[in-house]
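# Residue-level structure breakdown
The lines below spell out each chain.
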Amino acid sequence: MFDRTGRGLELTDAGRKLDVAARLILADVERAKAKVRAVRDLRAGRVDVVTYPAFSIAPMVSIVRAFRERFPRLTVRITATDGPAGVLSALRRGEAEVAVMDMSADHATFTTIPLGTQELVLALPADLAADVADPMPRVAVTGVPLVVDMGDQSTAALLSDLVDVDAANVAVDTALPAAAWDLVRRGAGATVLPRAVAEQELPQVPLRALDPPLSREYGIVLRPGRPSPAALAFVAAARPDAGVDTDIPELMD
Amino acid sequence: MELRQVEYFLAVVEHHGIGGAATALGVAQPTVSQALRALERELGVQLFHRIGRGMVLSAAGRTMVGPSRQILRDVGAVEDLLAASEGELAGRLDILAFSATAVGPVTDLVAAFRRRHRSVRVRLGELREESQAESVIADGHCEFVVAHLPIGGDELEVVVIGEQEYWLVYPPGSEIPEGPVPLASLPRIPMVFVPAGHSHADELEAAIHSGGNPPPIAAISDHREARLAMVLAGIGGTMLERSSAEAVADRAVVRAVEPRFVRPFGIAFDPEALSPVGRAFVDLVRTTVA
């Protein structure tokens, strides 16, 4: 690499080539470090989240809004699964780092952070709603045609009191929430959904609370081990949304 | 051939092996493998290749999947038929729809069908990949698929039921000049998109990137139903089907795009293999479209 001439060292041709290459590599290393720092310091990057239709709007939309307000340079990637079982396998496979899901589902060895409780109501077309009391007794719903998702076992379990023997009152079984809302607007049947979602998506459709009330607890689920900075940021954005403090020392280690 | 054997066969297909099938059915593994062997003996052909501890469908097995699902669907309809009154149509209408095409005309058809046939139950499931349209029908997962055109398959008949035009929807208060917005130079407002790899989502993305200055991404979400809520919450803009966009013109900033992005979509079925419920639905589709 060097000619040892006289008192000093002089680069050979090969040495000069290596010099250029080495500087390039050092610049590459710096660039790589800068990118990593940006992600570590939440100036860039992405958080990968997974949930299923039950929570895709409430609470997900308000969490994403809070997250983007605090970390405007970070992108949120939200994947969909059919239900809680798919959520855990997405976490295991590394497709997502954070899940928003039902707290009553099986969480195996995952870390859970409860966020809140969601009230579910019945949205029923006007002609079915006439003479129906608010709240409506659960057993009365078994006589109402429903547009619901029976393919997801956790939803099916939640609806067990509202569905007749053999699911005879399930008029349309659909996993597509937007299609379910459209069918309710067209009078094809009633559906069960969080009150906040009903008020936003079905403003013209009468709502009935259920008696006894129907609700589910939701929260965040993380893989065991140290979460990424973006995942911690997501948790921090989610917790004030549910009225709990943002202090998360148990995850910072 | 016994009904139980058909059930077991499909369970092994759906759970990728005897173990998973036995668990799902709540029976012992030997019960499933014996039933399967008996079925193979009767048909005189192996339905599965046994590779190591796994089970892979043979060519013969593959051809039996669709008809087997049809058998179970028709058996399931018997109870409904008995419960229904004389001459009343009963059973199940099975549709898989690509989610972008599952609202509007499709829900009109389903709602109208339910008004006409109160004893028919409907399953409107999700078609994850539009390229799977032909195989989900051949494999008996459903009788109908709804997807963008073209829909492949020589045996399938396709009825066009609508067209989809994408419009831009931005959070309330966004300052966007009146008139159509060029896709190649969208305003620098963060966007909420569905992931690439979804048929024309790729084409849209290419058009948006062609100007060299795409807008920042706020969120990428598989949950199509959540996009409007995200826009109204101020998280970012998005692209929605025109009628959905126009329906929120009072709550959000809505603009057409340039060039117009219009894709027809249709409903496909195998006319040779329709159940009575399927035939009644085809009649409704034809009269509605005509």
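This one's a predicted model, so the numbers in the text were calculated from it and none came from an experiment.

Residues and elements named next belong to chain B. In the predicted model, chain B carries a mean pLDDT of 89, and 98% of its residues have values of at least 70. Of all the helices and strands in chain B, helix α4 (residues 59-83) carries the lowest mean pLDDT, 79, while strand β11 (residues 253-255) carries the highest, 97. Both confidence scores are given for the complex: pTM 0.79, ipTM 0.78.

All names here are of chain A. Within this structure, the stated rule accounts for 2 cavities of 30 Å³ or more. Considering the residues around the largest cavity, the lining is formed by 28 residues, among which Pro53, Ala54, Pro177, Val192 and Leu193 are closest to the centre. Going through the elements one at a time, β8 (146-148), α6 (153-158), α7 (177-185) and β10 (191-194) are the ones with two or more residues in the lining of the largest cavity. Looking at the lining of the largest cavity, its residues break down into 19 nonpolar, 4 polar and 5 charged. Of the volumes computed, that of the second largest cavity is approximately 40 Å³. As for the second largest cavity, its lining consists of Tyr52, Ala54, Phe55, Asp102, Ser154, Thr155, Leu158 and Arg216. In terms of residue count, α6 provides more of the lining of the second largest cavity than any other element does, 3 residues in total.

On the side of chain B, 39 residues touch chain A, which itself brings 38 residues to the contact. Where chain A meets chain B, there are 3 salt bridges. The shortest N-O distance in the salt bridge between Arg128 of chain B and Asp82 of chain A comes to 2.6 Å. At the boundary of chain A and chain B, one finds 20 residue pairs in polar contact (both at pLDDT 80 or more). The set of elements that each furnish at least two residues to the side of chain A that touches chain B consists of α2 (60-70), β4 (75-80), β9 (170-174), α7 and α8 (195-201) of chain A. When grouped by side-chain class, the residues that make up the side of chain A that touches chain B number 23 nonpolar, 6 polar and 9 charged.

Grouped together as the largest cluster of nonpolar side chains are 95 residues, with contacts concentrated most on Ile220 and Phe234 of chain A together with Phe281 of chain B. With 7 residues, the single largest contributor to this core is helix α9 (residues 229-241) of chain A. Not counting residues up to four positions away in its chain, the partners in contact with Phe281 of chain B are Leu93, Ile95, Leu109, Phe113, Phe144 and Ile267 of chain B. In this structure, Leu96, Ile151, Leu183 and Met191 of chain B belong to the second largest nonpolar core, which totals 30 residues.

Next up on the list: a nonpolar patch on the surface. A cluster of nonpolar side chains, contributed by Met1, Leu3, Leu43, Val45, Ile71 and Val75 of chain B, occupies part of the molecular surface with about 440 Å² of accessible area. The topology assignment puts Met1 of chain B in the segment before α1 (3-14).

Looking now at the packing of helix α5 (residues 105-116) of chain B against helix α10 (residues 276-289) of chain B. Residue and element names in this part refer to chain B. α10 packs onto α5 with a crossing angle of 120° between their chain directions and a minimal axis gap of 11 Å. With respect to each other, α5 and α10 are oriented oblique. The crossing of α5 and α10 is right-handed. Touching Leu109, Ala112, Phe113 and Arg116 of α5 are Val277, Ala280, Phe281, Leu284, Val285 and Thr288, all from α10. Per-class residue counts for the contact of α5 with α10 are 8 nonpolar, 1 polar and 1 charged.

Moving on to the environment of Ala167 of chain A. By the secondary structure assignment, Ala167 of chain A is in the loop between α6 and β9. Filtering out sequence-adjacent residues up to four positions away, Ala167 of chain A remains in contact with Met150 of chain A together with Arg121 of chain B.

This part covers the side chain of Thr81 of chain A. Locating Thr81 of chain A in the fold gives a position in the loop between β4 and α3 (84-93). Once you skip the residues sitting within four places of it in the chain, Thr81 of chain A turns out to touch Val50, Thr51, Tyr52, Pro53, Gly86, Val87 and Ala90 of chain A.

A separate point is the environment of Asp106 of chain A. Looking at the secondary structure, you find Asp106 of chain A in the loop between β5 (98-102) and β6 (111-123). Through-space distance from the C-alpha of Asp106 of chain A to that of Pro84 of chain A is 8.0 Å; in sequence the pair is 22 residues apart.

How each quantity is defined
Residues numbered from 1 in each chain as written. Chains lettered and ligands numbered in written order. Predicted model: local features only at pLDDT ≥ 70, side-chain atom pairs only at ≥ 80, totals over all residues. Heavy atoms only, no water. pLDDT = per-residue confidence, 0-100. Helix = DSSP H or I, 4+ residues; strand = E, 2+ residues; numbered from the N terminus. 1 Å grid on protein atoms, 1.4 Å probe; cavity = no way out; pocket = protein on both sides within 12 Å on 5 of 7 lines; lining within 4 Å. Points joined across faces, edges and corners; volume = space filled by probe spheres on them. Nonpolar A, V, L, I, M, F, W, Y, C, P; charged D, E, K, R; others polar. Contact = heavy atoms within 4.5 Å. Salt bridge = Lys/Arg side-chain N within 4 Å of Asp/Glu carboxyl O. Polar contact = N/O pair within 3.5 Å; in protein donor to acceptor, adjacent residues only side chain to side chain. Core = buried A, V, L, I, M, F, W, Y, C linked by side-chain atoms within 4.5 Å. Buried < 20%, exposed > 50% of the residue type's maximum accessible area, 1.4 Å probe, protein only. Patch = residues over 30% accessible without salt bridge, like charges linked within 9 Å, V, L, I, M, F, W, Y side chains within 5 Å. Areas by Shrake-Rupley, 256 points an atom, 1.4 Å probe, with all protein chains shown as cover. Axes fitted to C-alpha atoms, helices over the stretch in contact; angles between N-to-C directions. Parallel < 35°, antiparallel > 145°, perpendicular 65-115°, else oblique. Left-handed = near helix turned anticlockwise from the far one by under 90°.

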